[in-house]
Amino acid sequence: QVQLVESGGGLVQAGGSLRLSCAASGRTLSNYHMGWFRQAPGKEREFAAAISWNGGSTYYAQSMKGRFTISRDNAKNTVYLQMNSLKPEDTAVYYCAAKPPYSGDYYYSSNYGYWGQGTQVTVSS
């Protein structure tokens, strides 16, 4: 079992930045690939970014490339999402998730076995 807790969300003006953190407990995070997803009101949960177990590979949704950066510190059992140049359309609840190895594509939420409770990000115009 892996327990994930997100933090760092909040209210920010358009063009601003936030850094989300996802702290894991229960099992070492290095056993898992990690992802960030987001869900806006009335919309389906969508993929934002993912990172391989050792940080060697990263993946981003097209709309987030160049603005978001995913990283991890396995020694601290923590994954991060640095979000720059935020836009009002980035407003959503952001979730981190853990994906066991060999469990399929990074982009699909169904391939992730463990989820945090989410943290709200609100970007004002």
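This text gives an overview of the structure that appears in the document.

On to the environment of tyrosine 95, then. Tracing the sequence through the fold places tyrosine 95 in strand 9 (residues 92-99). Classification of tyrosine 95 by relative accessible area gives buried; the value is 13%. Counting along the chain gives 81 residues from tyrosine 95 to alanine 14, while the straight-line C-alpha distance between them is 21 Å. Ignoring any residue separated from it by four or fewer positions in sequence, one finds tyrosine 95 in contact with Glu6, Gly35, Trp36, Phe37, Gln39, Arg45, Trp115, Gly116, Gln117 and Gly118.

Going through the model one piece at a time under the given rule, you end up with 3 salt bridges. We note a salt bridge from aspartate 90 to arginine 38, for which the minimum N-O separation is 2.8 Å. Of the two residues, aspartate 90 is situated in the loop between strand 8 (78-83) and strand 9 and arginine 38 in strand 4 (residues 33-39); the sequence distance between them amounts to 52 residues. Comparing aspartate 90 with arginine 38 shows no difference in burial state: the two are buried.

Parameters at a glance
- Residues numbered from 1 in each chain as written.
- Predicted model: local features only at pLDDT ≥ 70, side-chain atom pairs only at ≥ 80, totals over all residues.
- Heavy atoms only, no water.
- Helix = DSSP H or I, 4+ residues; strand = E, 2+ residues; numbered from the N terminus.
- Buried < 20%, exposed > 50% of the residue type's maximum accessible area, 1.4 Å probe, protein only.
- Contact = heavy atoms within 4.5 Å.
- Salt bridge = Lys/Arg side-chain N within 4 Å of Asp/Glu carboxyl O.

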